[in-house]
2 protein chains.
Amino acid sequence: MTRTWQDIAKAKQAALSDSIPPEWRVPTDIMPPDSQLDVTGFPRDSGFFTKDELKYTTAKIPEILQQIHCKAWKAVDVAQAFSKRAAKTGKPIGPLHGLPVSLKDNFNIIGKDSTLGFVSWVGVPATYNTVLVDVLLKAGAVLYVKTNVPTAMMIAESVNNTFGRTVNPLNRKLTSGGSSGGESALIAFGGSVLGVGTDIGGSLRIPAACTGIFTLRPSFGRFPTANAKSGLAGQEAVNSVNGPMARTLDDIEFFAKNVVNSEPWKLDPKCLPISWRPVDVGRKLRLGVIWNDGIVVPTPPVRRALKHAVEKLQEASHEIVDWEPELHQEAMDLLVSPTTPFASVEHGKFKHVGYTGVFNILDYSAVSFPSGIYADSELDKAETGIKTLSQMDAQIQAEYNAGAVHGMPVSLQLVASRLEEEKAVAMTRVVLEGLGVAA
Amino acid sequence: MTRTWQDIAKAKQAALSDSIPPEWRVPTDIMPPDSQLDVTGFPRDSGFFTKDELKYTTAKIPEILQQIHCKAWKAVDVAQAFSKRAAKTGKPIGPLHGLPVSLKDNFNIIGKDSTLGFVSWVGVPATYNTVLVDVLLKAGAVLYVKTNVPTAMMIAESVNNTFGRTVNPLNRKLTSGGSSGGESALIAFGGSVLGVGTDIGGSLRIPAACTGIFTLRPSFGRFPTANAKSGLAGQEAVNSVNGPMARTLDDIEFFAKNVVNSEPWKLDPKCLPISWRPVDVGRKLRLGVIWNDGIVVPTPPVRRALKHAVEKLQEASHEIVDWEPELHQEAMDLLVSPTTPFASVEHGKFKHVGYTGVFNILDYSAVSFPSGIYADSELDKAETGIKTLSQMDAQIQAEYNAGAVHGMPVSLQLVASRLEEEKAVAMTRVVLEGLGVAA
């Protein structure tokens, strides 16, 4: 008898569940009720995690590494706290020694499936590692979990027929974005301190924005991409890139610097031999603001966040220019724009990757960062009679539900030129100072 | 009546001839006889050039620039001496101020044809400049001549139906190579001190080798390539690159450094933002030697030059490894190989671009340099009974004529990794020291 796709998916989900030791599964009686939408407090409040486990999983990367390297913490304990999996021990073998790093499903690891959500790829374990996996292992990272994606990684929510849907731990009725939405959910929940996703149209930035974390979308060639699994093999008109996702900008830079300085171009011929360069971006920036992209007006909380950011940056004496396409030859330090039209959005309603996708076409470097503004059902009511720019815009405005997204963090995007990752990070730091948001 | 291609070519040649002032055309009575094969001595010996003109055209680039900048020489005189064309005057406007630079035909200059040898492109002047043209003009270079190519630039000799055939000034029965063979002939004749060609399978290195001059084939993205004319528009599997051709390695580095440091990535989005980096290559190198490529054995003078180079480098305590494909993961500083199977070769007989083309596929950086060895009809006799590697090899060995190439300089190729142009140049310098050849 032929197995249906439902049979295969069910068996895969059972195998995944079985791979988690029974003592690490949350007992039914303490599981948050379905009515509890924000579950990010669960680890802290449930009593299910020990004091040490909470200490490890809430520490910042430099502290984790310092404690491991001075042997106050054991790498195995830290990794278990994050993952309930065993970690390598011994002397530090690299700058990430003992640091648990989570990976999006499409990073191949020998012996593990990379299904990309396709049922047909269940039970087809990778026979080689993605180059970045080798780089991270050599740096001493502990790889302990792979995270969910949409089928083929080609939509902006993380749902597929193999594993089902990933929800947003800040509000389970909302999407954690996609395609790196398993990563964003895990990091926002505190189950990972540093994750790696990929981006071909916004797949790092959209999930980061939906959960209020940081990410860096590098230009192609900056981080190694060889031997990752593609959902559209052979499509090279726009190259997929990978990048870090984390709760702080410092952690983003930590990843970028260490990966680039490992000289990954010796392992991936498409990777560019450019070291992580010191940059001096100055204290006063000239920013072009993209209020909307001419196709979709951002929803009210995003409009408010962008306006707030611009006001704060003007107060901090940065020069602000309303960017229009005809200004493309003018020298700007960077562009600031919405990351997506949404704070986050109800499952199934994410639309329009235009704000991120344009910078994949241009291959520019971009950071998505939390703006410090949170959606507010009172302040961000739907406006009526607003001029719509397109059919899609009309639909997004009609579907906007101020109550549904109340309390969600709003992110914005900073864009530098091609291969200016150092500048993008450094300028984000300056902007965060202006906004009074922690880096 | 429809004009035939012969009519169009004849008219174009006449127009080209008319563009040269009568007083700069060589009178018939002092023209070297057809029997004189090496015409490189003509400028010095004919009395046709003034003492000053000879001084200008035999000086090295730093001297030319210094004399112009301190106003001892006039840029217009230097440019006239090279070109019989007027040059800009005034204060130095850039690091190449007053330096005449010759360009291969496919660099677009507003108002000038870029025929690539096609009769159908006669009378179709460019409406925009190639980005590199703008870069050179902004640096103060004087563009005074465009040089011949094979039709579509896709063979290794420079012959086409519009302008005819370019010959080798060192021996007019031999080819100056191609496709940048107009450049190599002009530079070897002393009609240019610095030229720019292009390379998609060896088109910089082959003509440089046929005339005993230097060139650098950079990796794609190092020098700007935008808006040059292609013979195969749309073909991007292997990208064409451009690079300098000159009589010294110093001049090659001078061009590379100044072009890269002009930040051409701000003008060409495919150009990489990598400054010209200081490198320390060490005094002892580990070189892999490619004695032959498995398809064609180099002709006797090239075999002798490579053997000589290896012996000298061993004497200078460099480490030499006979490179085989299975060694590709071993760390070498660089590879040394023939640039072509030939010193040069009779017109119509150039074959096999394998020694250069493989590094276009790999997009590696490579230098072709004169080895200090000259073909010698006594030392480099054709060998009989030598095992041939392929049909093409058999044909090349059968056609080899030791007498025809007697006295021609033999060049070799040094290859570094992708985007290691600084290293390629610096290591060539170390190798030249070992060989006792001037840089």
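Residues numbered from 1 in each chain as written. Chains lettered and ligands numbered in written order. Predicted model: local features only at pLDDT ≥ 70, side-chain atom pairs only at ≥ 80, totals over all residues. Heavy atoms only, no water.

- An unreviewed UniProt entry annotates chain A as amidase originating from Aureobasidium pullulans.
- UniProt annotates chain A under Sequence similarities (unreviewed entry) with the comment "Belongs to the amidase family."
- The UniProt entry for chain A carries the following text under Catalytic activity (unreviewed entry): "a monocarboxylic acid amide + H2O = a monocarboxylate + NH4(+)". (UniProt positions renumbered as here; feature names shortened; annotations may be inferred.)

1. A short note on the interface of chain B and chain A
And then number 1: Every contact between the two is made by nine residues of chain B and, on the other side, nine residues of chain A.
And then number 2: Summing the contributions of chain B and of chain A, the shared interface buries around 640 Å²; its carbon and sulfur component is 54%.
And then number 3: For chain B, the biggest contributors to the area lost against chain A are Leu272(B), Pro273(B) and Arg418(B); these three give 62% of the whole.
And then number 4: Counting every contact that joins chain B to chain A gives zero salt bridges.
And then number 5: Inspection of the chain B/chain A interface yields four residue pairs in polar contact (both at pLDDT 80 or more).
And then number 6: The class makeup of the residues in the side of chain B that touches chain A is six nonpolar, no polar and three charged. (Contact = heavy atoms within 4.5 Å. Buried area = accessible area lost by both parts, 1.4 Å probe. Salt bridge = Lys/Arg side-chain N within 4 Å of Asp/Glu carboxyl O. Polar contact = N/O pair within 3.5 Å; in protein donor to acceptor, adjacent residues only side chain to side chain. Nonpolar A, V, L, I, M, F, W, Y, C, P; charged D, E, K, R; others polar.)

2. What to know about empty space enclosed by the protein
And then number 1: In total, this model carries four cavities of 30 Å³ or more according to the counting rule given.
And then number 2: One number sums up the size of the largest cavity: a volume of about 80 Å³.
And then number 3: Residue lining of the largest cavity: Thr299(A), Phe342(A), Ala343(A), Ser344(A), Val345(A), Glu346(A), Ile396(A), Glu399(A), Tyr400(A), Asn401(A) and Val405(A), and that is the complete set.
And then number 4: Looking at the lining of the largest cavity, its residues break down into six nonpolar, three polar and two charged.
And then number 5: A volume near 50 Å³ is recorded for the second largest cavity.
And then number 6: The wall of the second largest cavity is formed by Thr299(B), Phe342(B), Ala343(B), Ser344(B), Val345(B), Glu346(B), Glu399(B), Tyr400(B), Asn401(B) and Val405(B).
And then number 7: When grouped by side-chain class, the residues that make up the lining of the second largest cavity number five nonpolar, three polar and two charged. (1 Å grid on protein atoms, 1.4 Å probe; cavity = no way out; pocket = protein on both sides within 12 Å on 5 of 7 lines; lining within 4 Å. Points joined across faces, edges and corners; volume = space filled by probe spheres on them.)

3. With respect to the sheet that holds strand 2 (residues 142-147) of chain B
Residue and element names in this part refer to chain B.
And then number 1: Taken in spatial order, the ten strands make up an open sheet running 2-1-7-9-8-13-14-12-10-11, and their pairing is mixed. Only two strands of the sheet have a single neighbouring strand rather than two, namely strand 2 and strand 11 (319-322). Here the strands of the sheet are splayed against their neighbours by 25 degrees on average, with no regard to which way each runs.
And then number 2: Sitting on the sheet, helix 13 (residues 421-435) is in contact with strand 8 (214-217), strand 10 (286-289), strand 12 (334-338), strand 13 (365-374) and strand 14 (409-416), with an inclination near 15 degrees to strand 13. (Pairing = 2+ DSSP bridges. Helix = DSSP H or I, 4+ residues; strand = E, 2+ residues; numbered from the N terminus. Axes fitted to C-alpha atoms, helices over the stretch in contact; angles between N-to-C directions.)

4. Considering the pattern of salt bridges
And then number 1: On inspection of all chains with the given rule, the structure shows 50 salt bridges over all chains.
And then number 2: For Arg283(A), the salt bridge is made with Glu433(A), and the minimal N-O distance between the two is 2.5 Å. With Arg283(A) in the loop between helix 9 (249-261) and strand 10 (286-289) and Glu433(A) in helix 13 (residues 421-435), this pair connects stretches of sequence that are 150 residues apart.
And then number 3: Between Arg222(B) and Glu421(B) there is a salt bridge, with the nearest N and O atoms lying 2.8 Å from each other. With Arg222(B) in the loop between strand 8 and strand 9 (241-246) and Glu421(B) in helix 13, this residue pair connects regions lying 199 residues apart in the sequence.
And then number 4: For Arg222(B), a relative accessible area of 1% gives the class buried.
And then number 5: When salt bridges that share partners are traced, they join Arg222(A), Arg277(A), Glu421(A) and Glu422(A) into one network. (Buried < 20%, exposed > 50% of the residue type's maximum accessible area, 1.4 Å probe, protein only.)

5. Things to note about the side chain of Ser114(B)
Residue and element names in this part refer to chain B.
And then number 1: Relative to the helices and strands, serine 114 is located in the loop between strand 1 (100-104) and helix 6 (131-138).
And then number 2: Side-chain polar atoms of serine 114 contact the backbone oxygen of aspartate 105, separated by 3.5 Å.
And then number 3: Apart from the residues lying within four places of it in its own chain, the contact partners of serine 114 are Asp105, Phe107, Asn108, Trp121, Lys146 and Lys229.

6. Considering the pairing of strand 10 of chain A
Residues and elements named next belong to chain A.
And then number 1: Where strand 10 lies against strand 11 (residues 319-322), four bridges are found, and the strand directions are parallel. Within the sheet, the bridge partner assigned to valine 289 lies in strand 11 and is aspartate 322.
And then number 2: The handedness of the strand 10 to strand 11 crossover, carried by helix 10 (residues 300-315), is right-handed.
And then number 3: Of the pairings in the sheet, the one linking strand 10 to strand 12 (residues 334-338) comprises three bridges and is parallel in character. By the bridge assignment for strand 12, valine 289 is matched with valine 336. (Right-handed = clockwise from strand over helix to strand, strands pointing away.)

7. Let's talk about the sheet that holds strand 9 (residues 241-246) of chain A
All names here are of chain A.
And then number 1: Taken together, ten strands build an open sheet; the order of strands is 2-1-7-9-8-13-14-12-10-11 and the sheet is mixed. The open sheet terminates on both sides in strands that have one partner only, identified here as strand 2 (142-147) and strand 11. On average, adjacent strands in this sheet sit at an angle of 25 degrees to one another, irrespective of strand direction.
And then number 2: Here strand 13 (residues 365-374) runs beside strand 14 (residues 409-416); their pairing, made up of seven bridges, is antiparallel. When the bridges of strand 14 are listed, valine 367 appears paired with leucine 414.
And then number 3: This element, helix 7 (residues 181-189), spans strand 1 (100-104), strand 2, strand 7 (194-199) and strand 9 of the sheet and lies at about 120 degrees to strand 2.

8. Describing helix 3 (residues 51-58) of chain B
Residue and element names in this part refer to chain B.
And then number 1: Those residues of helix 3 not exposed but buried are Glu53, Leu54, Tyr56 and Thr57. Looking down the long axis of helix 3, one finds its buried residues gathered within 165 degrees of arc, a one-sided arrangement. Among the exposed residues of helix 3, those oriented more than 90 degrees off its buried face are Lys51 and Thr58. (Arc of directions from axis to C-beta.)

9. Focus on the packing of aromatic side chains
Two aromatic rings are characterised by how far apart their centres lie and by the angle between their planes.
And then number 1: In the structure shown here, the tally under the stated rule is twelve aromatic pairs over all chains.
And then number 2: With 5.6 Å between their ring centres and 85 degrees between their planes, Phe223(B) and Phe255(B) make a pair best called edge-to-face. Of this pair, Phe223(B) sits in the loop between strand 8 and strand 9 while Phe255(B) is found in helix 9 (residues 249-261), placing the two residues 32 residues apart along the sequence.
And then number 3: When the ring centre of Trp121(A) is taken as origin, the NZ or CZ atom of Lys229(A), which lies over that ring, is 3.9 Å away. (Phe/Tyr/Trp six-rings, centres within 6.5 Å; stacked < 30°, edge-to-face > 60°. Lys NZ or Arg CZ within 6 Å of the ring centre and 35° of its normal.)

10. Here's the deal with the nonpolar core
And then number 1: With 65 residues, the main nonpolar core has Ile64(B), Leu99(B), Val101(B), Leu136(B), Leu287(B) and Phe369(B) as its most contacted residues.
And then number 2: Sort the elements by how many residues they give to this core and helix 13 of chain B lands first, with eight residues.
And then number 3: Residues within four places of Leu287(B) in sequence aside, it is in contact with Leu313(B), His318(B), Glu319(B), Ile320(B), Val321(B), Met332(B), Leu334(B), Val336(B), Leu414(B) and Val431(B).
And then number 4: Formed by 64 residues, the second largest nonpolar core is a distinct cluster that contains Tyr56(A), Tyr144(A), Val336(A) and Val437(A). (Core = buried A, V, L, I, M, F, W, Y, C linked by side-chain atoms within 4.5 Å.)

11. Topic: the state of the cysteines
And then number 1: Summed over the entire model, instances satisfying the criterion amount to zero disulfides over all chains.
And then number 2: A disulfide-free cysteine, Cys271(A) has its sulfur positioned 18 Å from the sulfur of Cys271(B), the nearest such atom.
And then number 3: Look at Cys271(A) and you get buried, because its relative accessible area is 2%. (Disulfide = S-S within 2.5 Å.)

12. Focus: the confidence of the model for chain A
And then number 1: Confidence in the prediction of chain A, expressed as mean pLDDT, is 93, and 97% of residues score 70 or more.
And then number 2: This model gives residues 84-90 of chain A a pLDDT under 50, and the stretch forms 22 contacts once residues within four places in sequence are excluded. (pLDDT = per-residue confidence, 0-100.)

13. Focus on the relation of the copies chain B and chain A
And then number 1: Once chain B has been moved 0.0 Å along the axis and rotated by 180 degrees, it coincides with chain A to within an RMSD of 0.0 Å. Such a combination of turn and shift is consistent with a two-fold rotation axis. Measuring from the rotation axis to each C-alpha of chain B, the shortest distance belongs to Ile274(B), at 3.6 Å. (Least-squares fit on C-alpha atoms with pLDDT ≥ 70 in both.)

14. Some words on the environment of Tyr128(B)
And then number 1: Along the chain, Tyr128(B) turns up in the loop between strand 1 and helix 6.
And then number 2: Apart from the residues lying within four places of it in its own chain, the contact partners of Tyr128(B) are Asn108(B), Ile109(B), Ile110(B) and Asn227(B).

15. Section: the environment of Lys60(A)
And then number 1: Looking at the element boundaries, Lys60(A) is found in the loop between helix 3 (51-58) and helix 4 (61-69).
And then number 2: When the C-alpha atoms of Lys60(A) and Gly191(A) are compared, they prove to be 13 Å apart, with 131 residues separating the residues in sequence.

16. Looking at a nonpolar patch on the surface
And then number 1: A contiguous nonpolar surface patch, about 270 Å² in accessible area, is contributed by Val358(A), Ile361(A) and Leu362(A).
And then number 2: Structurally, the position occupied by Ile361(A) is in helix 11 (residues 354-361). (Patch = residues over 30% accessible without salt bridge, like charges linked within 9 Å, V, L, I, M, F, W, Y side chains within 5 Å. Areas by Shrake-Rupley, 256 points an atom, 1.4 Å probe, with all protein chains shown as cover.)

17. Describing unusual backbone geometry
And then number 1: A cis amide bond links Gly178(A) to the next residue, Ser179(A), at an omega of 5 degrees.
And then number 2: Among the structural elements, Ser179(A) can be located in the loop between strand 6 (171-175) and helix 7.
And then number 3: One non-glycine residue with positive phi stands out, namely Leu116(A), at about 50 degrees.
And then number 4: Within the secondary structure, Leu116(A) is located in the loop between strand 1 and helix 6 (131-138).
And then number 5: Residue His352(B) is not a glycine yet carries a positive backbone phi of 75 degrees.
And then number 6: Tracing the chain through its elements places His352(B) in the loop between strand 12 and helix 11 (354-361).

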